[in-house]
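So the chains spell out like this:
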Amino acid sequence: MDQLTTIDLHQTTQNVQARQSQQSASVSTETDFPSMPMPAQAMTRDYAFPKAPPSVVTRAENAANATLKWCTPVIRPIAKIFMLSTFLEDSARMAFQWDVQVDHINEEWGTNKWVGTYFVAANLAFQVIPAAVLLLNGVVKVPSGIIQAMCALLVVMVLAQSVAYHVLWNIEFFFRNLAVIGAMCLVAAEATDPEPTKGGILDRDVDDDDEAEVADVLRLSGRLLVVLMFVTLTKFDTAARIITEIIGMILLALLVIGYKTRLSAVSLFVLLMIENLTLNDFFMHDSEDHLHDYKKFNFFQALTVTGGLMMLVALGPGAVSMDGEDKKNL
């Protein structure tokens, strides 16, 4: 009996020692685990931070560019028609109101009938012929030199009319005429460099870029001048009008410096069309009303500027702009 008890005690002691050795081994393993070398893949992990969603302006610009891609074939012809609309309307007025126009010139200058007749005839011819040539460009290939000469002739006619009708120094007519001249600059820019993809006045690494340089200067001139049309339409009479004018001024500033140019031009196009239809509603007046001819003249001049904005959408601002610098630095 004593021998069996001794054997049991011996076995119990061995079991306890075995358990203690297992526990100490387990504790040692857990203690030494952090110091064990880790695999290289476990130590280096790539953390990909989520990209910020595009801003509202970026999404709007992307939408405008996407729309531009499928409507580009019709933008330029419509833009040309709009830009030349004031000359076509004025030519029609000269033709259908010949005697009225002749008498008006004679009364303004106190001359005989032949002076007024020659002026009206020259006015009619020198508007119809250049407008027809500019509209045909694209249907047939017209040299850029002829296009520039036709645009210059239209500019001369704008100035000649301002002198003949004694409105040269009327600030409203003066700004409107400058805006029309800016639209003519954009017509010439489109003919000089119809696909402005490289080169220009700021890029000296491209050979034979004289035409691109001329087009850049013309587009810059057009951007600076077409905004003057909005100056003649600015009014701060109501709260809604004040908000609209502030938005318009911001868009005008962006257009002048050439930042987000296409988006700004599209926004100004919509704004100008609304204001033109609202303020120059000649179609709401009787043809015998003196406001009919006055608003009709202003309407087609503003329509010419909307055509210039459409042409800026199609061509872009050119190299002399913030957008042009960003593209150059890509």
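Here the structure is a predicted model, which is why all the values come from computation and not from measurement.

Definitions and cut-offs
Residues numbered from 1 in each chain as written. Predicted model: local features only at pLDDT ≥ 70, side-chain atom pairs only at ≥ 80, totals over all residues. Heavy atoms only, no water. 1 Å grid on protein atoms, 1.4 Å probe; cavity = no way out; pocket = protein on both sides within 12 Å on 5 of 7 lines; lining within 4 Å. Points joined across faces, edges and corners; volume = space filled by probe spheres on them. Helix = DSSP H or I, 4+ residues; strand = E, 2+ residues; numbered from the N terminus. Nonpolar A, V, L, I, M, F, W, Y, C, P; charged D, E, K, R; others polar. Salt bridge = Lys/Arg side-chain N within 4 Å of Asp/Glu carboxyl O. Buried < 20%, exposed > 50% of the residue type's maximum accessible area, 1.4 Å probe, protein only. Patch = residues over 30% accessible without salt bridge, like charges linked within 9 Å, V, L, I, M, F, W, Y side chains within 5 Å. Areas by Shrake-Rupley, 256 points an atom, 1.4 Å probe, with all protein chains shown as cover. Lys, Arg positive; Asp, Glu negative; His and termini not counted. Charge placed at Lys NZ, Arg CZ, Asp CG, Glu CD. Expected span 1.5 Å × (residues − 1). Polar contact = N/O pair within 3.5 Å; in protein donor to acceptor, adjacent residues only side chain to side chain. Contact = heavy atoms within 4.5 Å.

Applying the stated criterion to the full structure yields one cavity of 30 Å³ or more. Considered as a void within the structure, the largest cavity measures approximately 40 Å³ in volume. Secondary-structure elements contributing two or more residues to the lining of the largest cavity are helix H6 (144-164) and helix H7 (171-192). Broken down by element, the lining of the largest cavity gets its largest block of residues, five residues, from H7. Considering only residue class, the lining of the largest cavity consists of seven nonpolar, two polar and no charged.

Another aspect to go through is the layout of surface pockets. Considering only enclosed or pocket space, the second largest pocket measures out at about 610 Å³ in volume. At the level of secondary structure, the elements contributing two or more residues to the lining of the second largest pocket comprise helix H3 (56-96), helix H4 (98-109), H6, H7 and helix H12 (290-315).

All right, on to the pattern of salt bridges then. Counted under the stated rule, the structure contains nine salt bridges. The closest approach of N and O atoms between Glu190 and Lys80, which form a salt bridge, is 3.7 Å. Taken together, the positions of Glu190 in helix H7 and Lys80 in helix H3 put the pair 110 residues apart, joining distant regions of the chain. Like Lys80, Glu190 is buried. In this structure, Arg93 engages Asp90 in a salt bridge whose closest nitrogen and oxygen atoms are separated by 2.1 Å. Residue Arg93 and its partner Asp90 are located together in helix H3, separated by three residues, close to a single helical turn.

Another point: a negative patch on the surface. Taken together, Asp99, Asp103, Glu107 and Glu108 make up a surface patch of like negative charges. With a relative accessible area of 66%, Glu107 lands in the exposed category.

Between its terminal C-alpha atoms helix H5 (residues 113-136) stretches 35 Å, which fits the 34 Å expected from 24 residues at 1.5 Å a residue. Every buried residue belonging to H5 is among Gly116, Thr117, Val120, Asn123, Gln127, Pro130, Ala131, Val133 and Leu134, and all of these are buried. Residue Asn112 occupies the N-cap position of H5, its side-chain oxygen lying 3.1 Å from the main-chain nitrogen of Trp114. Phi for Gly138, located one or two positions after H5, is positive at around 115°.

Structurally, Ser162 is set in helix H6. Among the polar contacts listed, one links the side chain of Ser162 to the side chain of Asn177, at a separation of 2.6 Å. When near neighbours in sequence (up to four residues on either side) are disregarded, Ser162 contacts Val167, Leu168 and Asn177.

So, about a nonpolar patch on the surface. On the surface, Phe236, Ile242, Ile246, Met249 and Ile250 cluster together into a nonpolar patch covering about 460 Å² of accessible area. Here Ile242 shows up in helix H10 (residues 239-257).

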